[in-house]
Amino acid sequence: MKNLPPGQKESEVFPRFGLPQYANRFPKEVEKIEIRIGGELEEFIISNELNTLKRVDQTSDFHCVTTWSKTGLNWSGYRFRDFYTEFVLPRLQNEMRYVILKSQDGYKTSLPLEDLLHENVLLADRLDGLPLNIEHGAPMRLVAPDHYGYKNPKYINCMEFYADEQVFKTGLYDFIDHPRARVVYEERAKKGPGFFFRYLYRIGVKGTIKDYEKALAEYRAAKNS
Ligand SMILES: Nc1nc2c(c(=O)[nH]1)N[C@H]1C(S)=C(S)[C@@H](COP(=O)(O)O)O[C@H]1N2
Ligand SMILES: [Mo]
């Protein structure tokens, strides 16, 4: 048995996963990376400039809040910290502390900037030596291994930087979205003891995987027809 964080179980597969309402949503643009940077700064778009950052490869584990973990994923991409230092920091007037992350499928979540600046947080465009596929977030996703999967948005297309925490409607059920969602502290939900939610969330895992597989098969069939 590998040493997994509290309440997690090892999964053989790395499933396409998420909240039920996102199963049938897919990114419109999977080839070209285009991320809108906004919030309390003058808006700009980041695209091919990312190539100028140092490419990093990283093997890390992925922990979904519903208790499955996939260990040893080989990501490749750019450090969020490098992206921030190079492109965002020079344009700021005051200090930012809070970031809202948005995706092509309408998914939204947030993290404190401090957490995003950890060395192991990546903007990843490759997995296991191949360009990221639709299942796992093409063309680019955030990889934050110390945070539950729901803080790892796929198909990322917008980041907003703010000095203070913002109130906004997340892509999640409101009770789920913990402001930090750190795996070691079992911050599974906004309120209440994390371990309680192990049992609640676990119930839905198999059905969700099936629904996500079905939606992907239908999407592929429609594309090829
Ligand atoms: N855009 C987007 N990102 C998302 C989700 C989603 O539905 N849409 N689901 C989150 C959840 S809950 C998990 S566990 C992981 C799953 O990533 P995977 O499909 O690559 O396994 O993506 C996260 N990021
Ligand atoms: Mo998740």
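Residues numbered from 1 in each chain as written. Chains lettered and ligands numbered in written order. Predicted model: local features only at pLDDT ≥ 70, side-chain atom pairs only at ≥ 80, totals over all residues. Heavy atoms only, no water.

Moving on: the site of ligand 1. What surrounds ligand 1 is a group of 22 residues, the closest being Pro-15, Asp-105, His-136, Arg-141 and Lys-154. Here Pro-15 contributes a backbone N or O atom positioned 2.6 Å from an oxygen atom of ligand 1. In terms of residue class, the shell around ligand 1 is built from 12 nonpolar, five polar and five charged. (Near = heavy atom within 4 Å. Polar contact = N/O pair within 3.5 Å; in protein donor to acceptor, adjacent residues only side chain to side chain. Nonpolar A, V, L, I, M, F, W, Y, C, P; charged D, E, K, R; others polar.)

What the largest pocket holds in volume is close to 570 Å³. Along the wall of the largest pocket there are 35 residues; nearest its centre are Phe-17, Gly-18, Leu-19, Cys-64 and Tyr-150. At the level of elements, α3 (194–202) and α4 (205–224) are the ones that each hand at least two residues to the lining of the largest pocket. Its residues placed into classes, the lining of the largest pocket shows 21 nonpolar, eight polar and six charged. (1 Å grid on protein atoms, 1.4 Å probe; cavity = no way out; pocket = protein on both sides within 12 Å on 5 of 7 lines; lining within 4 Å. Points joined across faces, edges and corners; volume = space filled by probe spheres on them. Helix = DSSP H or I, 4+ residues; strand = E, 2+ residues; numbered from the N terminus.)

Another aspect to go through is the nonpolar core. Ranked by internal contacts, the top residues of the largest apolar core, which has 34 residues, are Phe-14, Trp-68, Trp-75 and Tyr-150. Contributing elements (two or more residues each) for this core: β4 (55–63), β5 (68–79), β8 (122–127), α3 and α4. Top element by residues in this core is α4. It accounts for five residues. Not counting residues up to four positions away in its chain, the partners in contact with Tyr-150 are Val-65, Tyr-107, Thr-109, Leu-172, Ile-176, Asp-177, His-178, Ala-181, Glu-187 and Arg-188. Formed by 29 residues, the second largest nonpolar core is a distinct cluster that contains Phe-83, Leu-101, Val-121 and Phe-161. (Core = buried A, V, L, I, M, F, W, Y, C linked by side-chain atoms within 4.5 Å. Buried < 20%, exposed > 50% of the residue type's maximum accessible area, 1.4 Å probe, protein only. Contact = heavy atoms within 4.5 Å.)

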